[in-house]
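The lines below spell out each chain.
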Amino acid sequence: MSNKNINRLFEALKPNIEQKEKMFHNILVQSKDGNKRHRGYTLTKRLRPAVLAAVLMVCLATTAFAAAYMGLDETFMKSLNPVNHEQAEYLSNGAYVVDKQVKNKNGTLKIKQVIGDSNLTYILMDFSAPEGTVLDAARYRFLEDDITTNQNFQSVEFKVLDDGNQSDNKISLVMSIMTKNSIAGQNVHLKLKDLQAADPFPGIFTTVIPDVWETDFKLDFKEYSTPYEVNKNITMFGYGAVLKTISVSPISISLKIEGSSMNEINEAAGSLKEIGADQYLDNYPITIKYQDGTSETKGLFSGMHLTENGTHLFMVKTFENVINDKEITSIVFFGKEIPVNN
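Fair warning: this is a prediction, and the values are worked out from it, not measured in the lab.

Conventions we followed
- Residues numbered from 1 in each chain as written.
- Predicted model: local features only at pLDDT ≥ 70, side-chain atom pairs only at ≥ 80, totals over all residues.
- Heavy atoms only, no water.
- Pairing = 2+ DSSP bridges.
- Helix = DSSP H or I, 4+ residues; strand = E, 2+ residues; numbered from the N terminus.
- Axes fitted to C-alpha atoms, helices over the stretch in contact; angles between N-to-C directions.
- Buried < 20%, exposed > 50% of the residue type's maximum accessible area, 1.4 Å probe, protein only.
- Contact = heavy atoms within 4.5 Å.
- Phe/Tyr/Trp six-rings, centres within 6.5 Å; stacked < 30°, edge-to-face > 60°.
- Lys NZ or Arg CZ within 6 Å of the ring centre and 35° of its normal.
- Polar contact = N/O pair within 3.5 Å; in protein donor to acceptor, adjacent residues only side chain to side chain.
- pLDDT = per-residue confidence, 0-100.
- Arc of directions from axis to C-beta.

**Some details on the sheet that holds strand β8 (residues 206–218)**
Backbone-to-backbone hydrogen bonds join strands into a sheet, with any given pair of strands oriented parallel or antiparallel. Pairing in this open sheet of three strands is antiparallel, and the strands run β4-β7-β8 from one edge to the other. Of all strands in the sheet, those with a lone pairing partner are β4 (139–147) and β8, marking the two edges. Ignoring strand direction, the axes of neighbouring strands in this sheet form an average angle of 25°. Inspection of the sheet shows strand β7 (residues 187–198) paired to β8 by ten bridges, in the antiparallel sense.

Set out below in structure tokens:
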């Protein structure tokens, strides 16, 4: 950086620097007794270059932090629908701003923010088609969605958010990635190919804008999850198993189960039963109990079930809106009640 640019930066930060220098001076003065106030001020003057450098570093660090963690996008927050102000603040504090844009002749993809827990990651993105194109379908996704993580298996879905204008050339999407382990902090490469649209289920997806958008970014969000070691024996469809862990967050609940009869349990559970348009009963339901005495059973399938080697069952339960995880007292799974938040 040239001396001229350094001087400009210093002049821009001068009011903030002078304010912090005065604060440091007051601290130094107050640390001495009344007869040594002048000495304290002299010490401050002698340290002026070091203080200015320290203040400049603090200002730059604060600016960088604010750029990375500055709250959730309004459209995203509205979709999550937090239960109170405290939860909204909690969600915002975990968000990471990516702010990456990929543009070609057929549209612009902007990766905006990332939030997540130990098993579910949400990536907020905006897509803008060329002027004159109207993106007003009920559902959107990409024909190919390739995101490189260190996971052997991952499930990807897309959800359209209500951005307040369904008759323009822009849409807001949330890409959800369900994984067995956390992907927080990873550097990933995202490649999306061919934007597709569909009417409400059972509408068929067709490509509306062909092209490829790809970029690299970091999933530097702060995990929301609270893990609980359980290690309790349970019975599932007549077969014994061990519920090893439960992980709870506002956006999902995940469970890890071990046993020698997982294939038999899956067979006994049977296929998902359709009860409505794109709605299926969950073969492994959970019940959530709250401090106020209320409870809710997650009976519809939304999330991921993964069986490995016939001995491990991992599942992620997701929610349409966030849940009040700080008010949960227990989770009930196949008759076993597991206390949480205690």
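**Remarks on unusual backbone geometry**
Of the consecutive residues Phe201 and Pro202, the connecting peptide bond is found in the cis state with omega at 10°. Position of Pro202 relative to the elements: it lies in the loop between β7 and β8. Phi at Asp194 takes a positive value of approximately 60°, unusual for a residue other than glycine. Residue position: Asp194 is located in strand β7. Looking at Asp194, the relative accessible area reads 12%, which means it is buried.

**Thoughts on the side chain of Ser225**
In this fold, Ser225 is placed in the loop between β8 and β9 (226–236). The class of Ser225 is buried, set by a relative accessible area of 18%. Every residue in contact with Ser225, bar those within four places of it in the chain, is listed here: Asp117, Ser118, Ser247, Val248 and Ser249.

**A few points about the packing of aromatic side chains**
Tallying each qualifying case throughout the model produces ten aromatic pairs. Ring geometry for Phe127 versus Phe142: centroids 6.3 Å apart, planes at 75°, classification edge-to-face. With Phe127 in strand β3 (residues 120–128) and Phe142 in strand β4, the pair connects residues that are 15 residues apart, well separated along the chain. When the centroid spacing of 4.9 Å and the interplanar angle of 75° are considered together, the rings of Phe333 and Phe334 count as edge-to-face. One aromatic cluster is present, built from ring pairs that chain together Phe127, Phe142, Phe158 and Trp213. Over the aromatic face of Tyr90 sits the side chain of Lys326, whose NZ or CZ is 4.8 Å from the ring centroid.

**Focus: the side chain of Ser330**
Looking at the element boundaries, Ser330 is found in strand β17 (residues 328–333). A polar atom in the side chain of Ser330 sits 2.7 Å from the side chain of Glu337.

**Structural notes on the confidence of the model for the chain**
Across the chain, the average pLDDT comes to 84, with 79% of residues at 70 or higher. Segment residues 1–69 is flagged for pLDDT under 50; beyond a separation of four residues in sequence, or across chains, it makes 35 contacts in the model.

**Describing helix α5 (residues 85–94)**
All of the buried residues in α5 are Gln87, Ala88, Leu91, Ser92 and Gly94. Buried residues of α5, viewed axially, fall in a sector of 165°; they line one side. Seen from the open side of α5, the exposed residues pointing more than 90 degrees away from its buried face are His85 and Glu86. Considering only its buried residues, α5 is in contact with α4 (74–80), β1 (96–104) and β2 (107–116).

**Here we look at the environment of Lys100**
Locating Lys100 in the fold gives a position in strand β1. On the accessibility criterion, Lys100 (32% relative accessible area) is partly exposed. Distance in space between the C-alpha atoms of Lys100 and Ile111 is 5.1 Å, their sequence separation being eleven residues. The residues contacting Lys100, other than those within four sequence positions of it, are Leu109, Lys110, Ile111, Thr215, Asp216 and Phe217.

**Observations concerning the sheet that holds β9**
Pairing in this open sheet of five strands is antiparallel, and the strands run β9-β10-β11-β16-β15 from one edge to the other. Of all strands in the sheet, those bounded by a partner on one side alone are β9 and β15 (303–308). Geometrically, the sheet is characterised by an average inter-axis angle of 15° between neighbouring strands, direction not taken into account. In terms of strand pairing, β9 meets strand β10 (residues 239–248) through nine bridges, oriented antiparallel. Looking across to β10, one finds that Glu229 is bridged to Thr245. Against the sheet, helix α6 (residues 262–269) touches β9, β10, β11 (252–258), β15 and β16 (312–318), its axis set at about 85° to β10.

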